[in-house]
Amino acid sequence: MGDYEVTIYLKKNRRNSTPMASVYDLVTHTENKQSYTGQAVTNGKQLALTFKLSDAKYAEFSTGLGQFTKLNKNMWSFKTDYYEPDDTGGNYGHETCTMKKLLNPLEKTGTLSTNKR
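Basis of the calculations
Numbering of residues begins from 1 in every chain and follows the order in which that chain's sequence is written. The model is predicted, so local features are restricted to residues of pLDDT at least 70 and side-chain atom pairs to those at 80 or more, both for listing and for counting; the totals for chains, interfaces and linings are taken over all residues. Note: side-chain values were computed over all heavy atoms of the structure, leaving out hydrogens and water. Elements are defined by DSSP. Helices are runs of H or I of four residues or more, strands are runs of E of two residues or more, and each kind is numbered from the N terminus. The buried label applies to any residue whose accessible area, calculated with a 1.4 Å probe on protein chains only, is under 20% of its type's maximum; exposed applies above 50%, and partly exposed to all values in between. Should any heavy atoms of two residues lie within 4.5 Å, those residues are counted as being in contact. The method behind every accessible area is Shrake-Rupley, applied with a 1.4 Å probe, and residues are considered shielded solely by the protein chains displayed. Here, strands pair whenever DSSP counts at least two bridges between them. Among buried residues, the Ala, Val, Leu, Ile, Met, Phe, Trp, Tyr and Cys ones that are joined through side-chain atoms within 4.5 Å form a nonpolar core. Contacts described as polar in this section are N or O atom pairs within 3.5 Å, which, within protein, must combine one atom able to donate a hydrogen with one able to accept it, while residues neighboring in sequence count only if both atoms come from side chains. Here is the rule: rings of Phe, Tyr and Trp (six-membered ring for Trp) pair when centre to centre is within 6.5 Å. Planes less than 30 degrees apart are stacked, more than 60 are edge-to-face, and the remainder are tilted.

Caption draft 1: Structural context of the overall build of the protein. Within the protein, the secondary structure is distributed over 0 helices and 8 strands. Reading the secondary structure of the protein in the N-to-C direction produces β-β-β-β-β-β-β-β. Here the protein holds 117 residues, and the buried ones make up 33% of them. Expressed as a percentage of contacts within the protein between residues at least 6 apart in sequence, the contacts between residues at least 24 apart total 27%. Element-wise, carbon and sulfur atoms account for 53% of the exposed surface of the protein, whose accessible area totals about 8200 Å².

As structure tokens, this is what we get:
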């Protein structure tokens, strides 16, 4: 446990989004160069997400439930509780993710930096 950085790239899936819920495909990149893919759904300021922890046939998934908070005009953060199962009973905890400015203004995905506790 402790602080580390994870970057989450969210790309809105407009075809499957509705006025009530927005759907996103996501990719995460960790500071130790691991990448994971998954999905997220938002409803108002609530966020649910899941992503695969491996590409194995019987992959395990991480699941989280969070709440967005607006920091200023263009910046958001979210706090999430998560659970990751494994053969030894699993792992759970809390994360605070804070939006970062895009390095490339033409990029259409948002990024969130995660501090895991």
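Caption draft 2: Spotlight on the pairing of strand S4 (residues 46-52). Every second residue of S4 is oriented toward a common face, the buried set being Leu 47, Leu 49 and Phe 51 and the non-buried set Gln 46, Ala 48, Thr 50 and Lys 52. Here strand S3 (residues 35-43) runs beside S4; their pairing, made up of 6 bridges, is antiparallel. When the sheet's bridge partners are listed, Gly 38 is paired in S4 with Phe 51. In this structure, the hairpin formed by S3 and S4 is closed by a connection of 2 residues, where Gly 44 is found at a positive phi of approximately 65°. Summarising the sheet, S4 and strand S5 (residues 61-70) pair through 7 bridges and their orientation is antiparallel.

Caption draft 3: Geometry of the nonpolar core. Grouped together as the largest cluster of nonpolar side chains are 13 residues, with contacts concentrated most on Ile 8, Leu 10, Leu 26, Ala 40, Leu 47, Leu 49 and Phe 78. Every element with two or more residues in this core is listed here: strand S1 (6-12), strand S2 (22-30), S3 and S4.

Caption draft 4: Inspection of the side chain of Glu 84 at higher detail. Mapped onto the secondary structure, Glu 84 falls in strand S6 (residues 76-84). Taking the relative accessible area as the measure of exposure, Glu 84 reaches 14% and is therefore buried. Polar side-chain contacts of Glu 84 include one of 3.3 Å to the side chain of Ser 62.

Caption draft 5: The arrangement of unusual backbone geometry in detail. Phi at Lys 33 takes a positive value of approximately 70°, unusual for a residue other than glycine. For Lys 33, a relative accessible area of 75% puts it in the exposed group.

Caption draft 6: Broad picture of the packing of aromatic side chains. The tally for this structure, following the rule as stated, stands at 3 aromatic pairs. Their ring planes at 35° and their centres at 5.8 Å tell us that Tyr 36 and Phe 51 sit as a pair that is tilted. With Tyr 36 in strand S3 and Phe 51 in strand S4, this pair connects stretches of sequence that are 15 residues apart. No difference in accessibility class separates Tyr 36 from Phe 51, as the two residues are buried. Aromatic pair Phe 68 and Trp 76: ring centres 6.1 Å apart, planes at 90°, arrangement edge-to-face. Overall, the relative accessible area of 14% leaves Phe 68 in the buried class. Put simply, the rings of Phe 68, Trp 76 and Phe 78 pair up and form one aromatic cluster.

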